[in-house]
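Remarks on the overall topology
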Amino acid sequence: MSNRRHDSAARRRLAAALTGAVLLGGLGVVGATQFDGARLTNACGVGGELVDASDDGYVSCVHRDPTPPGINLAASVSTGALLAREGVGPNAAEAASDFGVPATPASVAVTPDVACDGDGSAGYRVEALYVVEAGGTNRYAALKPTMQNWAAGIDDVFNKSAAITGGVRHLRYVTETAGGGRCVISIDNVTVPTGSLRTFSASMNALAAAGYDDVHRKYLVWADIANQGICGIASMWNDETGAQSNINNGLRTQFARIDNPCWGLGNGTNQSSIEAHELMHTLGGVQGSAPNSSQYGHCTDESDTMCYVDHTGVRMRQICPADHEYLLDCGSNDYYSTSPDSGNWLSTHWNAADSRFLIGGGNGADGGSVGTPTTLGAKLAVNNPAVPGLATQVAVTPMLPTGRTVAGVAWKSAKADCVFADRTALQTTVTCSAVNVKPTTVTVTITDSTGANRTVTSPLTFATGTARPVSIALSVDHQGAGDVSSASMCLGASTPVRAVVTDTATGLPVVGLSVAFTKKLTTATAKAARIASVLSVADGIATSLQTPTAAAEYGAGSMKNTVYAASEPAVLPATVEKCTPELAATAAASSTYLGDPIRITGTLDRAVGSATVPVAKATLTATVTTTTTTGTRTVTKVAKVGTATTAADGSYVIDAKVVTDGVLTVALTDSRSFAGTTVDLGDVTAVAPTTTLTGALDKTDVGLGGTVIATGRLTRVAATTTGAAAQAVALVVTVAGKPVTLGTARTAVDGSYKIAAAAKAAGDYRVAYAGAGFLPAAAKELGTVTFGTWTTALTGAPSVTSVVAGKPVTISGTLSRSYGGTTEPAAGYKLEVTATPAVGAPTVVKVTVSATGTYTLRVTPKLTTTYAIVAPPVTGYDGTSLSPFTVTVT
């Protein structure tokens, strides 16, 4: 794919041109120069198609290229045929020898070794991906070593070509160690949704969705598919800038895709390396104004990996020997030279040998160090295809901006029966039930320390085919068929009959296989009867709980499904008896505070031969026995202080609530299943805790009836000091020697409280806790509260001052009170309103002030009347009045 500039008017017309565009395949994809809107339809040249455009004014073109001799793009290549391809390495080494580059036996040998650089990951690198669609056959494991050999040969093309001009260049691959200080390329196994490899654009979108969208990578994609019309295809930008800021030098995400018919070529007649060809496109070769450019991303001076007739009218010239087809840049003057002289076009234009994706490139400057990411990225790897029922590895690699860290990881699957070993780990395993083999997806969300999220999804496919053999290990009450000839069971006790299903080939447990359990009484003559069918769960375990009443032979076998063959059945006879278990117990302390538990831990098991078998689902009881003697009379009391049911391994925990001194014991009660047993843990004592109450008033000088607020905390003092929650605390004042409660409140979780109450009387104030349960009473003196006199402020006016006789008038206003800097409504105050008519005697009406400090009076004067409103002095208030006002009646 190539990218060329277009103007704004052309971009508007481009939208229509893109409708229905088809992405074509071939060896490479390119385009070259700036153009105006009138030339837009011819932008990609003869046989080219316009397929995409970017917001910054570049367009992308694709050309249908010729298929190498002997290659059938319509047919997928068999694994055996691919393994036989040795790649381009030996031919590249021999071709370079024609130009004086030594070809030693080691240089023509096929090995996977590539150059090591740094940690194998940091920096600008070529990252290899094996990509297959969901539902396709995944050949990653079989082909990975061969692909690593091919990658080393591709590197030979770049390095041997560099040696012709006296330099050294190696592809800076993402690598992994191979022992002895050696490095080989790392290849990710990527499964994309069905249909994602139909076109180049679709494959790029699918890989980006899986997290492969890092601008610091050139992605070398081995697409395991055929019949898509693609041999090789890649993206290239037409930027001839001869500087490290060239757009092909890590400013855009770029892909080089090769479909399986064209993998590993370079060892046949006229078959250069398609991988080397496509990678060179992503590195920026060949630019349009290069001396021997075809104008469409290739060259015309044969022989050369990048040269061929890419459109009608191109004239090829034979300049270099035929075997230079395996090398780059015949003449070292179009796109790749490690030492161009001052007259060479490459001395002033983009030279791919300077790419920081090459070890030795980067103009000898930073050597390919990566710039700082500005947004959170993530790359997801899934080890496809998985085997249903077996664990397969999944991993996500975060790409973090500087200063950020991973704050969270969350895995999930579209299938409910897929279980992750650790849903919060960067690398984990996922196990999906053997019951369902339909493809699904796994999704992971990365959260960084700023709260930013990145979610990536990948298909999870499953291998099917030849039925896999499995084995069954059977045990009865933890006694395995390989350990005992006959198991021992406890009469009437809930007893596990357990089968462990294992994949024979891997030795791994299988999840989701149906296991049939059978039982045949020893005295019976009939065949064994099926007693349960159970799916295997984690660790391949399927369990059936039985309640035995007589000796029997138990059996188990897994049933076949689309992935696994049926197992051979396993059987184990068992006898039944009343068991005599052994009880072990330890108390964490011999004294406690009332309300605090004493933790008792231990085990219940039984001896079977030389083995110890845990006793599960048994009920144990803890008691405290108290004995008192009065004269000749002795009284013994037994109080139950806790119970527990033993776990599958026979362990138990009892938090005994001891409320009295005595002897602490743990016991198993005698039953038809078990002989009773008791452990004496010795004397225990229970000590009463104390309480502490703190408190303070917000003020001690208030107006009569004003609000006071008491705050503080009630704590329980025992082995540790904690807040006493949900307890009632009261605010109390002593009046004439008697306590008067002004208000109460419940303590919060930390024991704190807040009581707001009206100060109805002066005197000594305190907060008090009456005690409850094992908490004793407590009190805290808060000091003496004194009263002052409220200053009152009265407002009021009639709704009208002149009215027709018999019409109503509304008189309204407010009354507030102030003291010590606090002003609030004088709620409940009784006002006196005196009405004096022009003729006749005055009348007095009382009005009560509302909770918000307002009052309203409706009157209907028949004569002109004067109204006087008074707040008469009462205890605690100074009293006030309004100037009289007259309502004239006409």
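Residues numbered from 1 in each chain as written. Predicted model: local features only at pLDDT ≥ 70, side-chain atom pairs only at ≥ 80, totals over all residues. Heavy atoms only, no water.

**Examining the overall build of the protein chain**
The following threshold applies: Only DSSP runs of H or I reaching four residues or more are called helices, and only runs of E reaching two or more are called strands; each is numbered from the N terminus. Between buried and exposed lies partly exposed: a residue is buried under 20% and exposed over 50% of the maximum accessible area for its type, with that area taken using a 1.4 Å probe on protein chains only. When checking whether two residues touch, look at their non-hydrogen atoms; a contact exists if any pair is within 4.5 Å. Surface accessibility follows the Shrake-Rupley procedure with a 1.4 Å probe radius. Residue values consider only the protein chains on display as shielding.
A count of helices and strands for the protein chain gives seven helices and 58 strands. Scored against the burial criterion, the 890 residues of the protein chain give a buried share of 49%. Across the protein chain, the fraction of contacts at a sequence separation of at least 24, relative to all contacts at a separation of at least 6, is 67%. Of the roughly 37900 Å² that the protein chain leaves accessible, carbon and sulfur atoms contribute 53%.

**Digging into the environment of Gln 228**
Inspection of the secondary structure puts Gln 228 in the loop between strand E9 (217-223) and strand E10 (232-234). A C-alpha to C-alpha distance of 6.2 Å links Gln 228 and Arg 198, two positions 30 residues apart in sequence. Not counting the four nearest positions on each side in its chain, Gln 228 is found in contact with Leu 197, Arg 198, Arg 257 and Asp 259.

**Structural notes on the state of the cysteines**
Our working rule: The definition used for a disulfide is geometric: two cysteine sulfur atoms within 2.5 Å.
Applying the stated criterion to the full structure yields six disulfides. Covalent S-S linkage joins Cys 299 and Cys 307, the inter-sulfur distance amounting to 1.9 Å. Here the S-S torsion is close to -110°, and the disulfide linking Cys 299 with Cys 307 is therefore left-handed. In this structure Cys 299 comes out as buried when scored by relative accessible area, which is 0%. Here Cys 320 is linked by a disulfide to Cys 330, with a sulfur-sulfur distance of 2.0 Å. Handedness here is read from the sign of the S-S torsion; for Cys 320 and Cys 330, about 90°, the answer is right-handed. Here the residue Cys 320 occupies a position in the loop between strand E13 (317-318) and strand E14 (358-359), and Cys 330 occupies one in the loop between E13 and E14, the gap between them amounting to 10 residues.

**Focus: the packing of helix H5 (residues 140-164) against helix H7 (residues 274-282)**
Here is the rule: Whenever a helix is involved, its axis is fitted only over the stretch in contact; in every case the axis is a line through C-alpha atoms, and angles between N-to-C directions fall within 0 to 180 degrees. Throughout, the term roughly parallel applies to angles under 35 degrees, roughly antiparallel to angles over 145, roughly perpendicular to angles from 65 to 115, and oblique to all others. For any helix crossing, the convention is left-handed if the near helix is rotated counterclockwise from the far helix by under a right angle, and right-handed if that rotation is clockwise. Classes in brief: Ala, Val, Leu, Ile, Met, Phe, Trp, Tyr, Cys and Pro nonpolar; Asp, Glu, Lys and Arg charged; the others, Gly included, polar.
Between H5 and H7, whose axes approach to 9 Å, the crossing angle comes to 60°. On the basis of the axis angle, H5 is oblique to H7. Read as a crossing pair, H5 and H7 show a hand that is right-handed. From H5, Trp 150, Ile 154, Val 157 and Phe 158 reach across to H7, where they touch Glu 275, Ala 276, Leu 279 and Met 280. Tallied by class, residues from the contact of H5 with H7 come to seven nonpolar, no polar and one charged.

**Some remarks on the confidence of the model for the protein chain**
Rule in force here: Confidence of the predictor in every single residue is expressed as pLDDT, which spans 0 to 100.
Residues with a pLDDT of 70 or more make up 90% of the protein chain, whose mean pLDDT is 88. Per-element mean pLDDT across the protein chain ranges from 31 in helix H1 (residues 8-18) up to 98 in strand E31 (residues 582-587). A low-confidence stretch, residues 1-48 (pLDDT under 50), is modelled with 163 contacts involving residues beyond four sequence positions or located in other chains. Here residues 363-368 scores under 50 on pLDDT; set against residues more than four positions off or in separate chains, the count is 10 contacts.

**Notes on the side chain of Asn 249**
Where we set the bar: Whenever a nitrogen or oxygen atom comes within 3.5 Å of another N or O atom, the pair is scored as a polar contact, on the condition that within protein one atom can donate a hydrogen and the other can accept it, and that pairs from neighbouring residues in sequence are kept only if both atoms are in side chains.
With respect to the helices, strands and loops of the structure, Asn 249 is situated in the loop between E10 and strand E11 (254-259). The exposure class of Asn 249 is buried, given its relative accessible area of 0%. Of the polar contacts made by the side chain of Asn 249, one reaches the side chain of Gln 244; its length is 3.0 Å. In this view, Asn 249 contacts Tyr 124, Lys 218, Gln 244, Trp 350, Ser 355, Arg 356 and Phe 357; residues no more than four positions away in its chain are not counted.

**Considering helix H6 (residues 200-209)**
Taken residue by residue, H6 has Phe 200, Ala 202, Ser 203, Met 204, Ala 206 and Leu 207 as its buried positions. Residues of H6 that are buried sit in contact with strand E4 (125-133), strand E8 (187-192), E9, E10 and E11. Where H6 starts, the residue carrying a side-chain oxygen 3.0 Å from the main-chain nitrogen of Ala 202 turns out to be Thr 199. Count one or two residues on from H6 and you reach Gly 211, which has phi positive near 100°.

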